[in-house]
Amino acid sequence: QVQLAESGGGLVQAGGSLRLSCAASGSIFMISDMAWYRQAPGKQRELLAGISSGGKRNYADSLKGRFTISRDNAQNTVYLQMNNLEPEDTAVYYCNLRGIQGEFWGQGTQVTVSS
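A short tour of the structure in this document, coming up. (Residues numbered from 1 in each chain as written. Predicted model: local features only at pLDDT ≥ 70, side-chain atom pairs only at ≥ 80, totals over all residues. Heavy atoms only, no water.)

Quick look at unusual backbone geometry
Now for step 1: Unlike most non-glycine residues, Asn76 shows phi in positive territory, near 50 degrees.
Now for step 2: You can see Asn76 is positioned in the loop between β7 (67–72) and β8 (77–82).
Now for step 3: Residue classification places Asn76 among the buried positions, given a relative accessible area of 18%.
Now for step 4: At Asn84, a position not held by glycine, the phi torsion is positive, near 50 degrees.
Now for step 5: Counting through the fold element by element, Asn84 comes out in the loop between β8 and β9 (91–99). (Helix = DSSP H or I, 4+ residues; strand = E, 2+ residues; numbered from the N terminus. Buried < 20%, exposed > 50% of the residue type's maximum accessible area, 1.4 Å probe, protein only.)

Details of the environment of Val113
Now for step 1: Turning to its location among the elements, Val113 is positioned in strand β11 (residues 109–114).
Now for step 2: In this structure the C-alpha to C-alpha distance between Val113 and Leu80, which are 33 residues apart in sequence, comes to 16 Å.
Now for step 3: Setting aside residues up to four positions removed in sequence, Val113 forms contacts with Val12, Gln13, Ala14, Leu85, Glu86, Pro87, Asp89 and Thr90. (Contact = heavy atoms within 4.5 Å.)

Focus on the sheet that holds strand β1 (residues 4–7)
Now for step 1: Pairing is antiparallel in the open sheet, where four strands are placed in the order β1-β3-β8-β7. A strand with exactly one partner marks an edge of an open sheet, and here the two such strands are β1 and β7. Taken over all neighbouring pairs, the strand axes of this sheet differ in orientation by 15 degrees on average, direction set aside.
Now for step 2: Bridge analysis of β7 against β8 gives six bridges, and the strand direction is antiparallel. Opposite Thr68, over in β8, you have Gln81 as the bridge partner. (Pairing = 2+ DSSP bridges. Axes fitted to C-alpha atoms, helices over the stretch in contact; angles between N-to-C directions.)

Some remarks on the nonpolar core
Now for step 1: Core analysis: the largest hydrophobic core is formed by 30 residues, its most contacted members being Leu4, Val78, Leu80, Met82, Tyr93 and Leu97.
Now for step 2: Of all the elements in the fold, those that place two or more residues in this core are β3 (18–24), β4 (33–39), β5 (46–51), β7, β8, β9 and β11.
Now for step 3: Not counting the four nearest positions on each side in its chain, Leu80 is found in contact with Leu18, Arg19, Leu20, Trp36, Leu48, Ala49, Phe67, Thr68, Ile69 and Tyr93. (Core = buried A, V, L, I, M, F, W, Y, C linked by side-chain atoms within 4.5 Å.)

Notes on a nonpolar patch on the surface
Now for step 1: Together, Met30, Ile31 and Ile100 line one region of the surface with nonpolar side chains, adding up to about 350 Å² of accessible area.
Now for step 2: Secondary-structure assignment places Ile100 in the loop between β9 and β10 (102–105). (Patch = residues over 30% accessible without salt bridge, like charges linked within 9 Å, V, L, I, M, F, W, Y side chains within 5 Å. Areas by Shrake-Rupley, 256 points an atom, 1.4 Å probe, with all protein chains shown as cover. Salt bridge = Lys/Arg side-chain N within 4 Å of Asp/Glu carboxyl O.)

A look at the packing of aromatic side chains
Now for step 1: As enumerated under the stated definition, the model contains one aromatic pair in all.
Now for step 2: Note that Arg45 overlies the ring of Trp105, its terminal NZ or CZ placed 4.6 Å from the centroid.
Now for step 3: Of note, Arg71 hangs over the ring of Phe29, and the distance from its end group to the ring centre comes to 4.6 Å. (Phe/Tyr/Trp six-rings, centres within 6.5 Å; stacked < 30°, edge-to-face > 60°. Lys NZ or Arg CZ within 6 Å of the ring centre and 35° of its normal.)

Structural notes on the side chain of Asp89
Now for step 1: Within the secondary structure, Asp89 sits in the loop between β8 and β9.
Now for step 2: A distance of 2.8 Å separates the side chain of Asp89 from the side chain of Arg38, its partner in a polar contact.
Now for step 3: Reaching out from Asp89, the side chain makes a polar contact with the backbone nitrogen of Glu86 at a distance of 2.7 Å.
Now for step 4: When neighbours within four sequence positions are excluded, Asp89 is seen to be in contact with Arg38, Arg66, Phe67, Asn84, Val111 and Val113. (Polar contact = N/O pair within 3.5 Å; in protein donor to acceptor, adjacent residues only side chain to side chain.)

Spelled out as structure tokens, the structure:
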């Protein structure tokens, strides 16, 4: 069983930055695809960014280049650097792993952006 633990959320003013981290347990991290999602109140969960086991990245067009996903296989950790945050970015952010054992989700971390 894989466990994912997000951290790094919090309250930030518009225009500020945050870096989210997601630490994965187990030994399958480096051969798994990772992604970040978010869910705002009353809205569906949406995919923000993904990074394959080989390091290929993809992003939602709506992010306009403000977010960057990266991974450190030695630390079993995936990151989401978020810059120029907007109040519309307020949501719970979730880490996702897809690997040979299936799909797993973290518990989420709250990001609140004040105007």
